[in-house]
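Chain and residue survey
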Amino acid sequence: AAPVTYQSESATISRGVVESNHTGFTGSGFVNFDNVTGSYVEYTVNAAAAGRHSLVFRYANGTTASRPVDVTVNGTPAVSGLSFPATGAWTSWQTVSTNVNLVAGTNRIRTTATSANGGPNADSLTVDVAGTEPPPGPA
Ligand code: GCU
C-alpha cells in the first residue's frame, strides 16, 4: 500500500499554532511550535501491521540552528533528539526520515521539542503504514 500523509494542522497540538504565512506547505498550513522546550505535535496514525515503519517529516527551519525533537510512540520513547537542520528559509521545505516500531492499529506519534527554540515548522508526516508485514503465502 502507498504511504499515507498526515497533515500537522490536523494533528493534536500542544503549545503551537497553525499558520500559513510561509508558502510551500502542503494541505492548509503548518504547525509553528511555540519556542519552548516541550511543545509538541502528535499524529494519530493507523498501521496495517505491527513492526518497523518509516516516518518522513516535511518541515522548514529558517534559522541556522537545528531544531531537535524527541519522538515517542504511544508514550514510549522511540527516537531521541531527531535533528531538523536549517533549510535556508521558512519557505524552503525539506524532509527528515527515521524508522519506528508501530503496533497494528492506532498509534500516537508525538514529536516534542527538546530545545528552547521549539520545533521546526511542521508541514506533515508521511508513514509507510503497510510496514514490514511479509507478503501473504499459501495457507
Ligand atoms: C519566525 C517564523 C515562524 C517560525 C518562528 C520560529 O517567526 O515566521 O514561522 O515558527 O520564526 O523561530 O519558530
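Residues numbered from 1 in each chain as written. Predicted model: local features only at pLDDT ≥ 70, side-chain atom pairs only at ≥ 80, totals over all residues. Heavy atoms only, no water.

**Things to note about the site of the ligand**
Neighbouring the ligand are the residues H22, N32, N35, R67, W90 and N121. Between N35 and the ligand, the recorded distance is 3.0 Å, taken from a side-chain N or O atom to an oxygen atom. The separation between an oxygen atom of the ligand and a polar side-chain atom of R67 is 2.8 Å. Counted by class, the shell around the ligand contains 1 nonpolar, 4 polar and 1 charged residues. (Near = heavy atom within 4 Å. Polar contact = N/O pair within 3.5 Å; in protein donor to acceptor, adjacent residues only side chain to side chain. Nonpolar A, V, L, I, M, F, W, Y, C, P; charged D, E, K, R; others polar.)

**Side note on the nonpolar core**
Ranked by internal contacts, the top residues of the largest apolar core, which has 26 residues, are Y43 and V45. Elements with a minimum of two residues in this core: β4 (30–33), β5 (40–47), β6 (51–60), β7 (69–73), β8 (76–82), β9 (94–102), β10 (105–113) and β11 (121–127). Looking at which element gives the most residues to this core, the answer is β5, with 4 residues. (Core = buried A, V, L, I, M, F, W, Y, C linked by side-chain atoms within 4.5 Å. Buried < 20%, exposed > 50% of the residue type's maximum accessible area, 1.4 Å probe, protein only. Helix = DSSP H or I, 4+ residues; strand = E, 2+ residues; numbered from the N terminus.)

**Brief notes about the pattern of salt bridges**
Enumeration according to the criterion identifies 3 salt bridges in this entry. The partner of E42 in a salt bridge is R110, with the nearest N and O atoms 2.8 Å apart. In this pair, E42 sits in strand β5 while R110 sits in strand β10, placing the two residues 68 residues apart along the sequence. D123 serves as the salt-bridge partner of R58, at 2.7 Å between the closest nitrogen and oxygen. Placement of R58 in strand β6 and of D123 in strand β11 is noted, with a sequence separation of 65 residues between them. (Salt bridge = Lys/Arg side-chain N within 4 Å of Asp/Glu carboxyl O.)

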